[in-house]
Amino acid sequence: MKSNKKIAIVISSFCGYLKEELEKNPGMFITPLQIFIDDQQWFEGFYDEKEKYEFVEKFRNSNNFKTSLAPTSMVEEQMSKLSKDYDDVIYLPIHSSLSSSHDSILNLSKKYKNIHVFDNKLVGESFLIVAKEIKKRYEEESNSIEDIFKFLIWFNDRIIGYIVPMELKTFIKSGRLKGVKKAIMNSFNLSTIIEVDQTLNSVGVSRTKKISANKIMNKINEFIKKFNMKPDDFNFSTIYVFDKTIKDIFENALLESFKKTVDWTMEASIVTMLHTGYGACYIGINPKLELAPKFNKNEKY
């Protein structure tokens, strides 16, 4: 039964969509991370395509770069407005293991009864896919927020991804792989595999990017089997950091291992580049929406 209630979904600019692209979808909004390259600063996603590629070149010629949260006042202003304009609001920030923006947004949300924050492993296109499903379940199927979170947990649990960097210096500088820096340094001439799950972990090294890709396919297959599911139950995606070399290697390995092609591919955000380095690529899976259970308030997840 269709509801008269409306929900807003706020997605981290880490997703790779520009603000103007994402907000063409009714009820969807973006909250930015900040980018610093040399002495200049921008909000991720709050620029046009031409500027985006200018930032890529600035980064490639710089050793002074970092990312930061959006100003608290900017997030507070957005929350205040959305909490008044919508019955409920869900924030989908970048995962808490990658950025403290999740904790910042969560703390600010406690002022509002109708604002909810979900820690997630979403990347790229999956942010938009999940946001659209939330709207459908809430507005068209009258799901409660509790029902929505059951769906989000089910979906999120079945996401896994892997990154192979082109070079390692940016990953080391970012500090996102705490506790394994030494292992990365020792494998400097090898291809490093980084698993993107609840945390970022270095899970192997190989002599070549192709061998890394084949190892990743085996890891994805093992992950799928844990849920008694099949490769055809999942969508496969790649996100490349402005160079398609590793993306092509991943997609060839996918075809050889699973006889599948990727369901979507997209360029990374600038923030991603500042964390992983130019030329890195991600390959990952998420479950197909048609397999997601229909939860109701009387069921337990």
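As shown above, the structure is provided for reference.
Residue positions are given per chain, counting from 1 as you read along its sequence in written order. Restriction of local features to residues with pLDDT of at least 70 applies here, the model being predicted, together with a cutoff of 80 or more for giving and counting side-chain atom pairs; totals for whole chains, interfaces and linings are based on all residues. Computation of side-chain values: all heavy atoms of the structure, hydrogens and water removed.

(A) Spotlight on the packing of helix H9 (residues 209-226) against helix H10 (residues 245-258). Angular values range over 0 to 180 degrees, each being the angle between N-to-C directions of two axes fitted as lines to C-alpha atoms, with helices fitted over their stretch in contact. Secondary structure is summarised from DSSP: a helix means a run of H or I of at least four residues, a strand means a run of E of at least two, and numbering begins at the N terminus for each. Two numbers describe how H9 lies on H10: the axes approach to 9 Å, and their chain directions differ by 50°. Comparing the axis directions of H9 and H10 gives the class oblique. Crossing angle aside, the handedness with which H9 passes H10 is right-handed. Note on element contacts: H10 touches H9 through Ile246, Ile249, Phe250, Ala253, Leu254, Glu256, Ser257 and Phe258, opposite Lys209, Lys210, Ala213, Asn214, Ile216, Met217, Ile220 and Asn221. For this classification, Asp, Glu, Lys and Arg are treated as charged, while Ala, Val, Leu, Ile, Met, Phe, Trp, Tyr, Cys and Pro are nonpolar and the rest, including Gly, are polar. Looking at the contact of H9 with H10 residue by residue, the classes come out as 10 nonpolar, 3 polar and 3 charged. Each angle gets one of four labels, with under 35 degrees taken as roughly parallel, over 145 as roughly antiparallel, 65 to 115 as roughly perpendicular, and the rest as oblique. What makes a crossing left-handed is the near helix being turned counterclockwise from the far one by less than a right angle; a clockwise turn instead makes it right-handed. What makes two residues a contact is simply this: any of their non-hydrogen atoms within 4.5 Å.

(B) Structural context of the sheet that holds strand S13 (residues 281-287). Pairing within the open sheet is mixed, and its 6 strands lie in the order S10-S9-S8-S13-S11-S12. In this open sheet, the two strands that pair with only one neighbour each are strand S10 (200-206) and strand S12 (264-267). In this sheet, neighbouring strand axes are inclined to one another by 20° on average, regardless of whether the strands run parallel or antiparallel. Bridging between strand S8 (residues 160-164) and S13 involves 5 bridges; their strand directions are antiparallel. Bridging across to S13, isoleucine 163 finds its partner in tyrosine 282. Along the sheet, H9 makes contact with S8, strand S9 (191-196), S10, strand S11 (234-240) and S13, crossing S8 at roughly 170°. Packing of H10 onto the sheet brings it into contact with S8, S11, S12 and S13, and relative to S11 it is tilted by some 160°. Strands are labelled as partners when DSSP assigns at least two bridges between them.

(C) View of the sheet that holds strand S6 (residues 88-92). Here we have 4 strands laid out as an open sheet, ordered S2-S1-S6-S7, and parallel in their pairing. Of all the strands in the sheet, the pair left with one neighbour each is strand S2 (28-31) and strand S7 (115-117). Across the sheet, the mean angle from the axis of one strand to that of its neighbour is 25°, orientation sign disregarded. As judged from the 4 bridges shared by strand S1 (residues 7-12) and S2, these two strands associate in the parallel manner. Residue pairing across strands places isoleucine 11 opposite isoleucine 30, the latter belonging to S2. Most of the contacts of helix H4 (residues 101-109) go to S7, to which it runs at about 155°, and overall it touches S2, S6 and S7. Strands S1, S6 and S7 of the sheet are contacted by helix H6 (residues 145-157), whose axis makes an angle of about 20° with S6.

(D) Representation of H9. Its 18 residues place the ends of H9 26 Å apart at the C-alpha level, agreeing with the 26 Å of an ideal helix rising 1.5 Å per residue. Only protein chains enter the area calculation, which uses a 1.4 Å probe; residues under 20% of their type maximum are buried, those over 50% are exposed, and those in between are partly exposed. Buried within H9 are the following residues: Ser212, Ala213, Ile216, Met217, Ile220, Phe223 and Ile224. One face of H9 carries all of its buried residues, which in axial projection span an arc of 145°. Facing away from the buried surface of H9 by more than 90 degrees, the exposed residues are Glu222, Lys225 and Lys226. Downstream of H9 by a residue or two, asparagine 228 has a phi angle that is positive, lying close to 55°. Here the expected span of a helix is defined as 1.5 Å times the quantity of residues minus one. An arc is given here, and it is the one of the directions from the helix axis to the C-beta atoms.

(E) Summary view of the pairing of strand S3 (residues 34-37). When S3 meets strand S4 (residues 40-43), the two strands line up antiparallel, connected through 4 bridges. Bridging from a neighbouring strand, isoleucine 35 pairs with tryptophan 42 of S4. Bridging between S3 and strand S5 (residues 65-68) involves 4 bridges; their strand directions are antiparallel. If you follow glutamine 34 over to S5, its bridge partner there is serine 68.

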